[in-house]
Structure formats: C-alpha cells, structure tokens
Amino acid sequence: MPTPAQLQKIWLLSDTVLYAEAVSLIHRLVRDQDCDPLPASQVAGLLSIAEASKYDELHRFVVHQRDRNWPPSRSDIKKFYTALEEVLSGMQRRRLKDEFHLVGDGQGRSANDIRQESNALMALLAREFIQHLLAENGLLAVELADQRAKQRQSRR
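Below: a short report on this structure. (Residues numbered from 1 in each chain as written. Predicted model: local features only at pLDDT ≥ 70, side-chain atom pairs only at ≥ 80, totals over all residues. Heavy atoms only, no water.)

1. Points about the packing of aromatic side chains
According to the stated counting rule, one finds 2 aromatic pairs in the structure shown. Geometrically, the ring pair formed by phenylalanine 61 and tyrosine 81 is edge-to-face, given 6.1 Å between the ring centres and 85° between the ring planes. One end of the pair, phenylalanine 61, is in helix 3 (residues 55-67); the other, tyrosine 81, is in helix 4 (residues 75-99), and 20 residues separate them in sequence. With a centroid separation of 5.2 Å and 90° between ring planes, the pair formed by phenylalanine 80 and tyrosine 81 is classed as edge-to-face. Of the two residues, phenylalanine 80 and tyrosine 81, both sit in the buried class. Among the aromatic residues, ring-to-ring pairing joins Phe61, Phe80 and Tyr81 into one connected group. Here arginine 68 stacks its cationic end above the ring of tryptophan 70, 3.9 Å away from the centre of that ring. (Phe/Tyr/Trp six-rings, centres within 6.5 Å; stacked < 30°, edge-to-face > 60°. Helix = DSSP H or I, 4+ residues; strand = E, 2+ residues; numbered from the N terminus. Buried < 20%, exposed > 50% of the residue type's maximum accessible area, 1.4 Å probe, protein only. Lys NZ or Arg CZ within 6 Å of the ring centre and 35° of its normal.)

2. A short note on the pattern of salt bridges
Taken as a whole and judged by the stated rule, the model has 7 salt bridges. A salt bridge links glutamate 117 to arginine 109, with the nearest nitrogen and oxygen atoms 2.7 Å apart. The buried category is assigned to glutamate 117, whose relative accessible area is 18%. Judged by its relative accessible area of 33%, arginine 109 falls in the partly exposed class. Where salt bridges share partners, they join Glu21, Arg95 and Glu99 into one cluster. (Salt bridge = Lys/Arg side-chain N within 4 Å of Asp/Glu carboxyl O.)

3. A word on the environment of valine 62
Counting through the fold element by element, valine 62 comes out in helix 3. Classification of valine 62 by relative accessible area gives buried; the value is 0%. With 23 residues separating them in the primary sequence, valine 62 and glutamate 85 have C-alpha atoms 6.3 Å apart. Residues contacting valine 62, with those up to four places away along its chain left out, are Leu46, Tyr81, Leu84, Glu85 and Leu88. (Contact = heavy atoms within 4.5 Å.)

4. Considering the side chain of asparagine 119
Inspection of the secondary structure assignment puts asparagine 119 in helix 5 (residues 111-155). If sequence neighbours within four positions are ignored, asparagine 119 has contacts with Tyr55, Asp56 and Gln92.

5. A look at the environment of leucine 46
Looking at the element boundaries, leucine 46 is found in helix 2 (residues 40-52). For the pair leucine 46 and arginine 60, spaced 14 residues apart in the sequence, the C-alpha separation amounts to 12 Å. Here leucine 46 is in contact with Leu38, Leu58, Phe61, Val62, Phe80, Tyr81, Leu84, Ile130 and Leu134, once residues within four sequence places are set aside.

6. Here we look at helix 4
Along its length, helix 4 reaches its greatest deviation from straightness, about 45°, at methionine 91. Phi turns positive, to about 55°, at histidine 101, one or two residues after helix 4. (Bend = angle between axes of the 7 residues up to and from the residue.)

7. Section: the packing of helix 3 against helix 5
Where helix 3 meets helix 5, the axes come as close as 8 Å, and the angle between the chain directions of the two elements is 50°. Comparing the axis directions of helix 3 and helix 5 gives the class oblique. Between helix 3 and helix 5, the residues in contact are Tyr55, Asp56 and Leu58 and Asn119, Met122, Ala123, Ala126 and Ile130, respectively. Split into classes, the residues belonging to the contact of helix 3 with helix 5 amount to 6 nonpolar, 1 polar and 1 charged. (Axes fitted to C-alpha atoms, helices over the stretch in contact; angles between N-to-C directions. Parallel < 35°, antiparallel > 145°, perpendicular 65-115°, else oblique. Nonpolar A, V, L, I, M, F, W, Y, C, P; charged D, E, K, R; others polar.)

What follows is the structure, encoded as structure tokens:
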C-alpha cells in the first residue's frame, strides 16, 4: 500500500510530468506518424483494465495488444500499444526509483516486499498516464472528425 507521501508525489507527477508526456506521445502518434486516434472500443478496454488491475495484469494486456496480429487497417493500434509498452517499461525499469524516487533503497526489506511496492506504485503511475493519454486521444479524435466533416462539406 503506497504511503500518503508516495500518493502525493504520484499526484504531483501526474499533473506535471505524466500529463505532458502523455500528450506528447499521443500527438507524436496522431500528428507526426499520421496514426488514427485509438478507437472507442480500445479506449474503453484499456481504461477498464487500467482502473481495475494490478500492474502485472495491465502490462500483460498492453503486451498482448501490441503482439496481436492486427489487420493492416488497424496497424495504428499496434503502434499505439508498442509506444505505450515502451513508456511503461521505461518507467518501471528506470524512472520509478531513479527519477521519481518513489521506491526506497530496500534496506531491511525483502525482495518480494520491494517488488510488491513497485508494482503498486506502477499501477498508480500507469493509471494516471493512461488517463491523460486517453483524454488527449479523445480530443484529437474530435478534432479529426471536425476536420473530416469540414472537408466533406467543402467538396459539396
């Protein structure tokens, strides 16, 4: 169970670091790599698993979606999950302890206790990141729908 200090730090990181990184990631995919925003069914599934799961289950879901044999028309979904898995893995391997300073040095604690704490903290960080990512995805989806509607009207 995260301490109150760890929760405060996660909320601060969410508002400052994670928000900006989530927006940057989805903009890079949609605007720079010309991917479609994530469809509503994927948004619902990802948000559901992020809200209800332990980090190991969430990570397993992301890897499963990344590794699925998506048809060419849905290849943007694979790109999305590939990018998301890279972010989450980097966050778990390096940033959780070294940059965010959320996990202590482990003196006097078992490896299992440290792993459980890390997984609980990663579940919270991932949930915050994914919520920001999906919110921005929704905004981009609306923008693209508006642009397409205007293009259709201008052709008439």
